[in-house]
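Architecture and fold: a report
Here's the letter readout for the chains.
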Amino acid sequence: MGIYLDHAATTPMSPAAREALVAQMSQVGNASSLHAFGRGVRKEVEQARESIATIACAHPTEIIFTASGTEANNLAIKGFYWKSIERDPSKNIIVVAAFEHHAILEPVVWLEEHEGAAVIYIPIKPEGVIDLDALAQIIETESEHIAVIAVMHSNNEIGTIQPIAEIVELAGGIPVHTDAVQSFGKVDFDFAVLGVRSAVISAHKIGGPLGVAALILEHGIDITPLLHGGGQERDIRSGTINAPSIVAFAAAAQSAAVDRVSNFERTWKLRESLKERILRAEPDATFNGRSEIMLPGILNVTFPNTESDSLLLLLDNAGIAASTGSACSAGVQRASHVLISLGLTEAQARSSIRFSLGSSTTQAEIDEVGSKIGSVVESARAAFSVGAGAKS
Amino acid sequence: MKVIAAMSGGVDSAVAAARAVEAGHEVIGVHLALSSNPQKYRSGARGCCTIEDSHDARRAADVIGIPFYIWDMAEEFHAGVVENFIDEYAQGRTPNPCLRCNEKIKFQAVLDRAAALGYDAVVTGHYAQMRVDADGNRAMYRAIDPLKDQSYVLAVLNEKQLAGAMFPLGDSHKVDIRKEAKARGLYVANKPDSHDICFIPSGNNAGWLRDRLGSESGPIVDQDGNTVGEHQGAYTYTIGQRRGLGLSVPTVDGSPRYVLKIEPKTNTVVVGAKEDLAISKIVGEKPIWCGPMPTVGVAHRGFAQIRAHGSPLACSYTVSESSIQAQLDEPLFGLARGQGLVIYDGDRVVGSATVSDTE
């Protein structure tokens with residue numbers, strides 16, 4: 001098999017999570033049923049909830065399981081917005097970081113187009129951190145009308161960690177939501193200390209299964225639900241409780257928590273090693289996201305005069321999996337809005353790719369990437385130059 | 001060889017890719033995104049860069065077992081094909097965008113990029129045959145399925161481009177390709193063929209042009225200069241067109257009138273009788289030879305074809321560095337400047353040129 005450097009997209013399931021998943025799948029019973037079968041499953045789910053809550057420094061009742069990080073982010077953004085305008089129609093402003101994940105940006109755009117929301121984007125500084133002064137200014141002038149502020153805990157494309165505690169302080173009483181999908185299990189994440197109203201964590205980014213995530217919602221906070229039905233999750237999220245995935249999520253979170261510090265150090269070193277090897281092969285390469293406080297495993301590189309789709313094809317050919325920010329629904333690579341928000345030009349953004357390292361990454365793999373990256377970039381440059389010729 | 005299979009999401013390119021794999025080549029599938037605003041069309045027919053087509057292409061690549069990528073060629077396609085299409089109409093000419101796309105996109109932009117990335121050829125689902133003789137001379141021939149033969153739209157490829165092209169379907173009939181697709185488990189086996197211009201999925205070419213070139217009305221005149229009607233944009237007409245003229249002044253004998261000429265400068269459409277459309281000589285400029293250039297200064301016998309699925313017209317032709325002149329055995333009714341003139345020697349494609357004049 002090849003070299004998998006796309007752990008930020010999804011990462012291998014941990015053995016503990018696999019075992020927990022399979023074991024729970026052999027149990028019958030709906031966690032909402034009142035009989036012994038149901039109670040048996042419910043017990044497992046609640047233990048998992050408590051375990052995840054402990055790791056996230058939240059109260060178990062604050063964990064609301066959903067089917068994806070996207071769903072949880074939609075629930076938070078729309079839920080806060082609808083609740084806000086229900087109480088006061090003039091509180092219709094949503095403030096979001098310009099480089100949020102699409103799971104935040106798209107619901108925000110949808111609310112703007114269909115539900116009367118007004119949106120203010122927080123600019124990003126070149127090093128990859130939101131501009132706190134700009135946010136302070138926004139809050140000062142609009143505090144009466146802001147429904148919710150959403151800033152991701154760490155950016156999925158460049159790995160920079162955001163000053164969430166400072167944002168909460170600036171926000172005063174305005175709800176702050178943070179998408180912590182990339183951070184949870186990898187860096188310190190303490191829901192109580194951060195003081196956010198809500199956060200999103202997802203299982204498959206930390207070695208758990210696909211199809212399960214959670215909204216952590218501060219106790220006593222009421223938001224408008226997205227899905228109406230049995231009200232299984234605190235009446236805020238309906239749908240039969242996905243016990244096997246939840247139990248496996250907890251197992252993955254447990255493993256990630258136990259190994260977090262050692263994984264962080266190990267992954268950070270490997271990332272620095274990759275950086276060094278890339279620079280040795282391609283001195284023109286530049287790295288995006290220069291904050292001191294970063295996720296350990298993400299390396300976003302710009303290779304001047306290339307196009308990311310050629311880079312990805314050539315890397316794939318060489319058995320190396322990397323990725324770019326996003327593709328349109330038809331699959332066309334787009335210039336990353338994250339990189340554009342840092343001030344990169346369209347051409348620079350289109351010549352950038354992300355390597356993301358994880359638990360299975362080894363030094364031997366990094367060395368192999370280092371030995372192949374030069375010829376990959378060379379071919380991508382050749383393809384770029386014929387493309388540029390055809391366009392001119 | 002390392003080859004790139006251009007996969008549209010249709011049945012032909014899927015089978016072509018599968019055949020290239022079977023022939024022992026190292027194949028990757030590439031879907032060309034030709035529009036920067038992909039739209040979802042539910043028709044099932046191929047549009048340009050629809051979400052469904054890219055999905056179909058990806059699924060076919062999975063079934064065949066080859067890597068799959070999407071290349072964004074929207075900029076190149078717009079500049080090289082769509083703008084050219086509009087410009088040509090604005091000048092009163094009738095272009096064939098498929099010829100242009102093969103010349104500039106599929107077998108230039110894609111082929112160049114493929115070469116830079118270390119690939120030797122582009123394989124497509126076009127119906128045409130390539131033969132290489134004992135001396136290594138390459139020539140393109142009509143496909144064996146006369147209903148599907150696409151050698152006409154490939155006649156814009158020069159020898160170098162042909163050397164980087166593979167057409168694995170030329171020896172097959174379409175009906176068999178569909179059967180083969182089914183046998184291979186490709187669910188696009190029954191997907192309808194595309195017919196319209198891919199970037200005008202509505203099929204309403206006149207309306208599409210009117211949106212881009214305006215709909216300034218002007219006179220429709222007869223050959224004596226008498227105004228017989230009014231048009232809503234001269235470029236939406238084509239030479240030889242009879243229907244939809246909406247003429248207010250009938251001919252004395254009630255005989256139908258046809259578009260003879262489009263004069264963009266004066267925004268005038270000229271109409272006349274069918275016999276006034278008759279031409280016997282076609283002059284084409286900017287010739288491209290799909291093999292050795294024919295001897296200059298000698299009249300050759302061959303066939304001229306002026307539409308993708310038009311009949312071959314027996315002719316004598318002469319060539320120069322800058323033109324092809326074809327003298328038809330029988331008169332032809334209605335030929336617009338801008339159309340592609342393709343010359344055949346039997347079933348072999350000699351070359352092509354863009355119609356610049358007729359007599």
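Notes on the structure in this doc start here. (Residues numbered from 1 in each chain as written. Chains lettered and ligands numbered in written order. Predicted model: local features only at pLDDT ≥ 70, side-chain atom pairs only at ≥ 80, totals over all residues. Heavy atoms only, no water.)

1. Structural notes on the nonpolar core
Formed by 76 residues in total, the largest nonpolar core has its most connected members in A:I278, A:F303, A:F355, B:W71, B:F167 and B:F199. For this core, the element with the highest residue contribution is helix α4 (residues 97-116) of chain B, accounting for nine residues. If you look at the next biggest cluster of nonpolar residues, it comprises 62 residues, including A:A56, A:F191, A:V212 and A:V338. (Core = buried A, V, L, I, M, F, W, Y, C linked by side-chain atoms within 4.5 Å. Buried < 20%, exposed > 50% of the residue type's maximum accessible area, 1.4 Å probe, protein only. Helix = DSSP H or I, 4+ residues; strand = E, 2+ residues; numbered from the N terminus.)

2. With respect to the sheet that holds strand β11 (residues 268-272) of chain B
Residues and elements named next belong to chain B. Read across the open sheet, the four strands follow the order β9-β8-β11-β10; overall the sheet is mixed. The outermost strands of the open sheet, each flanked by one partner alone, are β9 (227-232) and β10 (258-263). Averaged over all pairs of adjacent strands, the angle between their axes in this sheet comes to 30°, without regard to strand direction. Judged from the five bridges that link them, β10 and β11 form a sheet pairing that is antiparallel. (Pairing = 2+ DSSP bridges. Axes fitted to C-alpha atoms, helices over the stretch in contact; angles between N-to-C directions.)

3. As for the sheet that holds strand β5 (residues 146-150) of chain A
Residues and elements named next belong to chain A. Strand order in the open sheet formed by seven strands is β2-β8-β7-β6-β5-β3-β4, with mixed pairing between adjacent strands. The open sheet is flanked by β2 (63-66) and β4 (118-122), the only strands paired with a single partner. Taken over all neighbouring pairs, the strand axes of this sheet differ in orientation by 20° on average, direction set aside. Here β2 runs beside strand β8 (residues 213-217); their pairing, made up of four bridges, is antiparallel. Within β8, the position partnered with I64 by the bridge is L215. Those strands touched by helix α4 (residues 102-114) are β3 (93-97), β4, β5 and β6 (176-179), and its axis lies near 155° from that of β3. The sheet strands contacting helix α5 (residues 132-142) are β3, β4 and β5, and the helix crosses β4 at an angle near 150°. (Contact = heavy atoms within 4.5 Å.)

4. Details of the pairing of β5(A)
All names here are of chain A. The element β5 is largely enclosed, with a buried count of five among its five residues. Note that β3 and β5 share four bridges and pair parallel. When the bridges of β5 are listed, V95 appears paired with I149. When β5 meets β6, the two strands line up parallel, connected through two bridges. The residue bridging I149 from the neighbouring strand is V176, located in β6. Regarding the hand of the β-α-β motif, the stretch spanning β5, helix α6 (residues 164-171) and β6 is right-handed. (Right-handed = clockwise from strand over helix to strand, strands pointing away.)

5. Focus: the side chain of B:D149
Looking at where B:D149 falls in the secondary structure, it is placed in the loop between β6 (138-142) and α5 (151-154). Sequence-distant contacts of B:D149, defined by excluding residues within four places in its chain, comprise B:Y127, B:R142, B:A143, B:A308, B:H309 and B:Y344.

Purely spatial values, then, with no claim about function.
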